[in-house]
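Chain by chain, the residues run as shown.
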Amino acid sequence: MKTLSVQGDMFAGGKGPGFAALVERRLKGKTEQIYRVSDVAEVLDLGKKKIHEMIECGRLPAVNLNKGMLVPVDPERPGLGTRPLLPLWRITYEAIMDLAKSMEGGV
């Protein structure tokens, strides 16, 4: 008889049971707050680059506050045109907790 097991989460590095509760304690129950990438990286004990990767691949829902905003390439030379602002990501408490629960449970 073949036994199936749950694969560990490749992003989490095997955070294991109780990880979601740990993340909730680290967030201190601030459910109405919107978090920055650096805040989420600290809470999940991951790097900012890994959080950006999770956002880009759709694993962590986030909102880009700079979407659609343009700035001059060089304010002193307006003929150069404009460029989009770099993304400014914000993440909700619910998105962080959903990710923590999925990391806790494995893939």
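Look above for the structure.
Owing to the predicted nature of the structure, the values given are computational and were not obtained by experimental measurement. (Residues numbered from 1 in each chain as written. Predicted model: local features only at pLDDT ≥ 70, side-chain atom pairs only at ≥ 80, totals over all residues. Heavy atoms only, no water.)

## Section: the overall build of the chain
Then, in step 1: Scanning the chain from terminus to terminus reveals four helices and five strands.
Then, in step 2: When the helices and strands of the chain are read in sequence order from the N terminus, they spell out α-β-α-α-β-β-β-β-α.
Then, in step 3: Expressed as a percentage of the 107 residues in the chain, the buried residues total 28%.
Then, in step 4: Long-range contacts, defined here as pairs at least 24 residues apart, represent 65% of the contacts in the chain between residues at least 6 apart. (Helix = DSSP H or I, 4+ residues; strand = E, 2+ residues; numbered from the N terminus. Buried < 20%, exposed > 50% of the residue type's maximum accessible area, 1.4 Å probe, protein only. Contact = heavy atoms within 4.5 Å.)

## Considering the side chain of Asn 66
Then, in step 1: Within the fold, Asn 66 resides in the loop between β2 (63-64) and β3 (70-72).
Then, in step 2: Separated by 2.8 Å, the side chain of Asn 66 and the backbone oxygen of Leu 86 make a polar contact.
Then, in step 3: Among residues more than four places away in sequence, those in contact with Asn 66 are Leu 85, Leu 86, Pro 87 and Leu 88. (Polar contact = N/O pair within 3.5 Å; in protein donor to acceptor, adjacent residues only side chain to side chain.)

## A closer look at the pairing of strand β5 (residues 89-92)
Then, in step 1: Where burial is concerned, the two faces of β5 differ: the one with Trp 89 and Ile 91 is buried and the one with Arg 90 and Thr 92 is not.
Then, in step 2: In this structure, strand β1 (residues 34-35) lies alongside β5, joined through two bridges in antiparallel fashion. For Tyr 35, the partnering residue across the bridge sits in β5 and is Ile 91.
Then, in step 3: Here two bridges tie β2 to β5, and the two strands are oriented antiparallel to one another. Within the sheet, the bridge partner assigned to Val 63 lies in β5 and is Arg 90. (Pairing = 2+ DSSP bridges.)

## Considerations on the packing of helix α1 (residues 19-27) against helix α4 (residues 93-105)
Then, in step 1: Axis separation between α1 and α4 bottoms out at 8 Å; the angle between their running directions is 155 degrees. The angle between the axes of α1 and α4 places the two elements in the roughly antiparallel class. Our pair here, α1 against α4, has a crossing hand that is right-handed. Across the interface between the two elements, Phe 19, Ala 20, Ala 21, Val 23, Glu 24 and Leu 27 from α1 touch Tyr 93, Ile 96, Met 97, Ala 100, Lys 101, Met 103 and Glu 104 from α4. (Axes fitted to C-alpha atoms, helices over the stretch in contact; angles between N-to-C directions. Parallel < 35°, antiparallel > 145°, perpendicular 65-115°, else oblique. Left-handed = near helix turned anticlockwise from the far one by under 90°.)

## Notes on unusual backbone geometry
Then, in step 1: If you check the backbone angles, Asp 45 has positive phi at about 60 degrees while not being a glycine.
Then, in step 2: Assignment of secondary structure puts Asp 45 in the loop between α2 (37-44) and α3 (48-57).

## Side note on α2
Then, in step 1: Every buried residue belonging to α2 is among Val 37, Val 40, Ala 41, Val 43 and Leu 44, and all of these are buried. Each buried residue of α2 lies within a common arc of 165 degrees when the element is viewed along its axis, so the set occupies one face.
Then, in step 2: Contact partners of the buried residues in α2: α1, β1, α3, β5 and α4.
Then, in step 3: Where α2 terminates, the next one or two residues include Asp 45, which has phi positive at roughly 60 degrees. (Arc of directions from axis to C-beta.)

## Looking at the packing of α2 against α3
Then, in step 1: Where α2 meets α3, the axes come as close as 9 Å, and the angle between the chain directions of the two elements is 110 degrees. Judged on the interaxial angle alone, α3 and α2 are roughly perpendicular. Where α2 approaches α3, its residues Val 37, Ser 38, Val 40, Ala 41 and Leu 44 are matched on the opposing element by Lys 48, Ile 51, His 52 and Ile 55.
Then, in step 2: Broken down by class, the residue content of the contact of α2 with α3 amounts to six nonpolar, two polar and one charged. (Nonpolar A, V, L, I, M, F, W, Y, C, P; charged D, E, K, R; others polar.)

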